Number of protein chains: 2
Amino acid sequence: MKRLLWCLVLLVAGCAASAQELRGGDELLSPEILPDNRVVFRLFAPGAQSVEVTGDFLPERETDGRKAEPMNRSEEGVWSYTTPAPLAPELYTYAFVVDGLRTTDPNNAHVFRNVATLYNIFLIEGGRADLYRVNDVPHGTVSYTWYLSPSTGEERRIAIYTPAGYESSGNKYPVLYLLHGMGGDEEAWLAFGRTAQILDNLIAEGWAKPMIVAMPNGNMSQQAAPGESSHGFEKPRFVLPHTMDGLMESRFPEVVQYVDSRYRTVRRKEARAIAGLSMGGFHALHISKQYPDLFAYVGLFSAVITPPDSVQSAVYDRPAEKLAVQFARLPKLYWIGIGRSDFLYDENEAYRRELDAKGYPYVYYESEGDHIWRNWRVYLTEFVPRLFR
Amino acid sequence: MKRLLWCLVLLVAGCAASAQELRGGDELLSPEILPDNRVVFRLFAPGAQSVEVTGDFLPERETDGRKAEPMNRSEEGVWSYTTPAPLAPELYTYAFVVDGLRTTDPNNAHVFRNVATLYNIFLIEGGRADLYRVNDVPHGTVSYTWYLSPSTGEERRIAIYTPAGYESSGNKYPVLYLLHGMGGDEEAWLAFGRTAQILDNLIAEGWAKPMIVAMPNGNMSQQAAPGESSHGFEKPRFVLPHTMDGLMESRFPEVVQYVDSRYRTVRRKEARAIAGLSMGGFHALHISKQYPDLFAYVGLFSAVITPPDSVQSAVYDRPAEKLAVQFARLPKLYWIGIGRSDFLYDENEAYRRELDAKGYPYVYYESEGDHIWRNWRVYLTEFVPRLFR
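Residue indices follow the written sequence of each chain, beginning from 1 at its first position. To read the labels, note that chains go from A and ligands from 1, taken in the order they are written. Two thresholds apply to this predicted model, a pLDDT of at least 70 for residue-level local features and 80 or more for giving and counting side-chain atom pairs, whereas whole-chain, interface and lining totals are computed over all residues. Where side-chain values are given, they derive from all heavy atoms of the structure, hydrogens and water being excluded.

Enquirer: Please explain the overall build of chain A as it appears in this structure.
Expert: Secondary structure elements follow DSSP: runs of H or I no shorter than four residues count as helices, runs of E no shorter than two count as strands, and numbering proceeds from the N terminus. The helix and strand inventory of chain A stands at 10 helices and 18 strands. Radius of gyration: over C-alpha atoms. The globule rule applied is 2.2 Å multiplied by the number of residues raised to the 0.38 power. By the compact-globule yardstick of 21 Å for 389 residues, chain A fits well, its C-alpha radius of gyration being 23 Å. For chain A, the spread of C-alpha atoms along the principal axes amounts to about 70 × 55 × 40 Å. Burial here depends on accessible area, computed with a 1.4 Å probe over protein chains only, as a share of the maximum for the residue type. Under 20% is buried, over 50% is exposed, and the range in between is partly exposed. Scored against the burial criterion, the 389 residues of chain A give a buried share of 61%. Of all intrachain contacts in chain A linking residues separated by at least 6 positions in sequence, the fraction that spans at least 24 positions is 72%. The criterion used for residue contact is that any of the two residues' heavy atoms lie within 4.5 Å.

Next up, the structure:
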């Protein structure tokens, strides 16, 4: 009887259906990372007519420009695809397309959400990608907390990373404000961005100073990430009304005020950095320019530079004048990173020419690739070691 | 040119593919909750031969016992299913089965992981389910942090809920230790369990005392939830070596010690509760019995009662004697909840008879249904208002 109960404990709640099983009882492993870093993807779908794997590790197909490859069907109905060559160390995303329908891999429960789409992930270890792993090092704390925004009158959700030792040390810490892109939210840098792992690892290696990282929600139309606000489990939207209209930038001091009041921070410009990706880079640019005494370190990761034509906001007035003030006060670091094939490359190049013409110093980092998380993780690992030295 | 850039900002990173779109540009809405609380599920899959919706709101089919219903195909290739009757307020889970392959709904980015399986979720508002919503009330903070476990020599991850006002009040708080089931981890109570929302809402209504909730990982073989430990993005396993072998129970004081050292807690038995579901209920039973001076409140939610035959641990020795000591010290609350069709019902009934025979007082709550999260959420809403009065 007791044995029976134990079998039941193991079977309840659909847990036995937690992975695809073949008739022999063998569990399907997908993705399988082979010892040489080739990767095998598998899906049991005997009724399917065609199955593709689509992922950011695949080259664009000549026929249709899609990053997808057909999978092959075994007699048993298992579709599989093996990368022809080893994959370089990196955090990758993928999904399957079964008879035209995009689906996540039922054998891989690890997914990240980007706006409204789920992506399976896997990691090839080695090199810089080891900074994206959870390693056996002291870990910081990740908190999701809420602050009352005086300007909106609403509670807004913010993600905070405090480094290992924060609780016991009694020390005060510098703060990096890290901003997401359009369509992202306060969870984006922690998921695709691997911020907690990157900071844990850089700090443990002594390559970065212990610091707090504050990740607010940059869409002023949102109180919190989809599913975390009182709007319920709504469909995440890419474009929201208040994203690049001056609201986030003009009201940013209230975020700093909250973090300074809630955490043991060093309340000086030299102990504050602000960086962001895409729209978040745009925010970082305009916030640091609008409030030239707040941040000594600025990071523009594949940043949008110029405000939309349609927008009227005092934040975007007299940009050259404000930039002159900002650079007259000598930022410790003004860091610009962009991918060579990013659609914002030209806009960034024009901005750099403007900085060059005025003799404003900045550090420039150019990478391969376009407007992708892979680059933003790299930029974070390049930017963070330069802070608060 | 700027207009073109803006179009590109909206299109990059696959964001335009964030939901299924029909040829007319109409976005598919799924699930759609109709004004009368009937629910429509939709999937665009023109190539599919058969599509089913499977979910916990469906009755078991007479033919095969599965909770699934066929969906109907429109001429355009949109499959849909509308519940014949309104659904009662509740948090529900579902998925689709396309030509035999289980897949999540590509139009619903809200998923919870249970062991290795992803479930789409939706919520019908009203009644007790309003406690599962994010409402416009002050919100607590959810932190994922790590503590050094002296007994394993490893860092272990723990989730902590601190109530709204914790940071500013300076008060000391009572602590509820809330334990997950086999196959779960430190994230389980926060996802399916809606612990943060339930606590926020109960506290805001004045129905529960402000309290800290500590949710450790009860699998002593795991440092952290799958994907959050140095084992990387491994496949989550249901059965791990050290789950119900006395290890978790005997070493539990180190969890209490950590929480007491890290948070402003009231360090008295009367300010400590321990509860858990299934395996976690088993842990709560045996921990509270082993350490009769630690917890004044005990909650057994669909608990396993008896240790596995094969296990030898001093924790499970002399149970009657230890229970006598525990009840001689007069627990403030010994709470037992179970579903009428739970496979552990008989074992719980036998345990209650044992308590009755000895005259040990307890509160009993019997619900419909079996070994499911729906019951555990209900039990939490019943248990928490009784604590620390």
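Picking up after the structure, the text goes on.
Enquirer: Whenever I open this one, the packing of helix H4 (residues 195-204) of chain A against helix H10 (residues 373-383) of chain A confuses me. Can you help?
Expert: Each pair of packed helices can be summarised by the angle the axes make with each other and by the distance between the axes. Residue and element names in this part refer to chain A. In this analysis, axes come from line fits to C-alpha atoms, helices being fitted only over the stretch in contact, and the angle between any two N-to-C directions falls in the range 0 to 180 degrees. The interhelical angle for the contact between H4 and H10, taken along N-to-C directions, is 30 degrees, at an axis separation of 11 Å. One finds that H4 runs roughly parallel with respect to H10. H10 is crossed by H4, and the crossing has right-handed handedness. When H4 is examined against H10, the residues Thr195, Ile198, Leu199 and Leu202 are found in contact with a partner set consisting of Arg377, Leu380 and Thr381. A per-class count over the contact of H4 with H10 returns four nonpolar, two polar and one charged. Angle categories: roughly parallel below 35 degrees, roughly antiparallel above 145, roughly perpendicular from 65 to 115, and oblique for all the rest. Should the near helix be turned anticlockwise from the far one by less than a right angle, the crossing is left-handed, and should it be turned clockwise, the crossing is right-handed. Any residue that is not Ala, Val, Leu, Ile, Met, Phe, Trp, Tyr, Cys, Pro, Asp, Glu, Lys or Arg is counted as polar, Gly included; the first ten are nonpolar and the last four charged.

Enquirer: Just to check I follow, could you spell out the relation of the copies chain B and chain A for this structure?
Expert: Two chain copies here: they are related by a rotation about an axis and a translation along the same axis. Relative to chain A, chain B is turned by 180 degrees and slid 0.0 Å along the rotation axis, the superposed coordinates differing by an RMSD of 0.0 Å. As the rotation angle and translation indicate, the two copies are arranged about a two-fold axis. Relative to the rotation axis, the closest C-alpha in chain B is found at Ser143(B), a distance of 2.0 Å. Looking at the interface residues of chain B, 100% of them are also at the interface in chain A, so both copies use one shared face. Least squares is the method used to superpose the copies, on C-alpha atoms of residues holding a pLDDT of at least 70 in both.

Enquirer: Explanation requested: the sheet that holds strand E2 (residues 39-44) of chain B in the structure shown.
Expert: Adjacent strands of a sheet pair through backbone hydrogen bonds, lying either parallel or antiparallel. Residue and element names in this part refer to chain B. Sheet architecture is open: four strands sit in the order E1-E2-E6-E5, paired in antiparallel fashion. One side of each edge strand has no neighbouring strand; the edge strands of this open sheet are strand E1 (32-33) and strand E5 (72-73). Strands are treated as partners if at least two bridges between them are detected by DSSP. Where E2 lies against strand E6 (residues 78-82), five bridges are found, and the strand directions are antiparallel. Considered in E6, the bridge of Arg42 is made with Ser80.

Enquirer: Before we go on, may I ask you to explain the sheet that holds strand E2 (residues 39-44) of chain A in this structure?
Expert: Residues and elements named next belong to chain A. Taken in spatial order, the four strands make up an open sheet running E1-E2-E6-E5, and their pairing is antiparallel. Unpaired on one side and paired on the other, strand E1 (32-33) and strand E5 (72-73) mark the two borders of the sheet. As defined by bridge partners, E5 adjoins strand E6 (residues 78-82) across two bridges and the pair is classed as antiparallel. Residue pairing for E6: Asn72 is matched across the bridge by Ser80.

Enquirer: I tried to follow the nonpolar core on my own but got confused; where do I start?
Expert: Most often, soluble globular proteins keep nonpolar side chains buried together rather than apart. If you look at the biggest cluster of nonpolar residues, it comprises 90 residues, and the most contacted ones within it are Leu176(A), Phe301(A), Leu387(A), Leu176(B), Phe301(B) and Leu387(B). Beyond its immediate sequence surroundings of up to four residues, Leu176(A) is in contact with Met211(A), Ile212(A), Val213(A), Ala214(A), Ala273(A), Ile274(A), Ala275(A), Leu380(A), Phe383(A), Val384(A), Leu387(A) and Phe388(A). Residues enter a nonpolar core if they are buried and are Ala, Val, Leu, Ile, Met, Phe, Trp, Tyr or Cys, with the set joined through side-chain atoms within 4.5 Å.

Enquirer: Sorry if this is basic, but what is going on with the packing of aromatic side chains here?
Expert: Planes of paired rings set the category: under 30 degrees apart is stacked, over 60 is edge-to-face and the rest tilted, where pairs are Phe, Tyr or Trp rings (Trp by its six-membered ring) whose centres lie within 6.5 Å. Here the structure, examined in full by the defined rule, presents 62 aromatic pairs over all chains. Their ring planes at 65 degrees and their centres at 5.7 Å tell us that Tyr94(A) and Phe122(A) sit as a pair that is edge-to-face. Here Tyr94(A), found in strand E7 (residues 90-98), pairs with Phe122(A), found in strand E10 (residues 117-124); they are 28 residues apart in sequence, far enough to count as distant. The two residues Tyr94(A) and Phe122(A) agree in class, both being buried. Measuring from ring centre to ring centre gives 4.5 Å for Phe327(B) and Tyr360(B), while their planes differ by 0 degrees; the resulting arrangement is stacked.

Enquirer: What is the right way to look at the pairing of strand E15 (residues 272-277) of chain A in this model?
Expert: Regular strands show a simple pattern: their side chains alternate between the two faces of the sheet. All names here are of chain A. Summarising burial for E15: six of the six residues are buried, a large majority. Because side chains alternate across E15, one face comprises the buried residues Arg272, Ile274 and Gly276, and the other comprises Ala273, Ala275 and Leu277, equally buried. In terms of strand pairing, strand E13 (residues 175-179) meets E15 through five bridges, oriented parallel. Following the sheet pairing, Leu178 is matched in E15 by Ala275. Across five bridges, E15 lies against strand E16 (residues 297-301) in parallel orientation. Note that in E16 the partner of Gly276 across the bridge is Leu300. Seen with its strands pointing away from the viewer, a crossover is right-handed if its path from the first strand over the helix to the second goes clockwise. Running through helix H7 (residues 279-290), the crossover from E15 to the neighbouring parallel element E16 is right-handed.

Enquirer: Explain unusual backbone geometry here, please?
Expert: Backbone geometry follows two general trends: most residues other than glycine have a negative phi, and most peptide bonds adopt the trans configuration. Of note, the bond from Ser30(A) into Pro31(A) is cis; its omega dihedral lies within 30 degrees of zero at -5 degrees. Summarising the element assignment, Pro31(A) is placed in the loop between helix H1 (2-11) and E1. Phi is positive for Phe388(A), close to 60 degrees, though the residue is something other than glycine. Here Phe388(A) lies in the segment after H10. The phi torsion at Arg194(B) lies on the positive side, around 55 degrees, for a residue other than glycine.

Enquirer: Would you mind going over the interface of chain B and chain A with me for this structure?
Expert: When the parts of a complex come together, some accessible area is lost, and that lost area is often taken as the interface size. Taken together, the contacts link 85 residues of chain B with 85 residues of chain A. Values labelled buried area give the accessible surface lost by two parts on being combined, using a 1.4 Å probe and summing over both. The contact between chain B and chain A buries some 6600 Å² in all, and 62% of this surface belongs to carbon and sulfur atoms. We define a salt bridge as a side-chain nitrogen of Lys or Arg found within 4 Å of a carboxyl oxygen belonging to Asp or Glu. Viewed at the interface, chain A and chain B are joined by two salt bridges. The salt bridge involving Arg262(B) is made with Glu167(A); its shortest N-O contact spans 2.9 Å. Polar contacts, as used here, are pairs of N or O atoms within 3.5 Å; protein pairs need one atom able to donate a hydrogen and one able to accept it. Residues neighboring in sequence count only if both atoms are side-chain atoms. Remark: the boundary between chain B and chain A carries 18 residue pairs in polar contact (both at pLDDT 80 or more). If you list the elements that add at least two residues to the side of chain B that touches chain A, you get helix H1 (2-11), E2, strand E7 (90-98), strand E8 (101-103), strand E9 (111-114), strand E10 (117-124) and strand E11 (141-148) of chain B. For the side of chain B that touches chain A, the residue count by class is 45 nonpolar, 23 polar and 17 charged. Here strand E11 (residues 141-148) of chain A runs beside E11(B); their pairing, made up of three bridges, is antiparallel. Bridged to Val142(A) within E11(B) is Tyr144(B).

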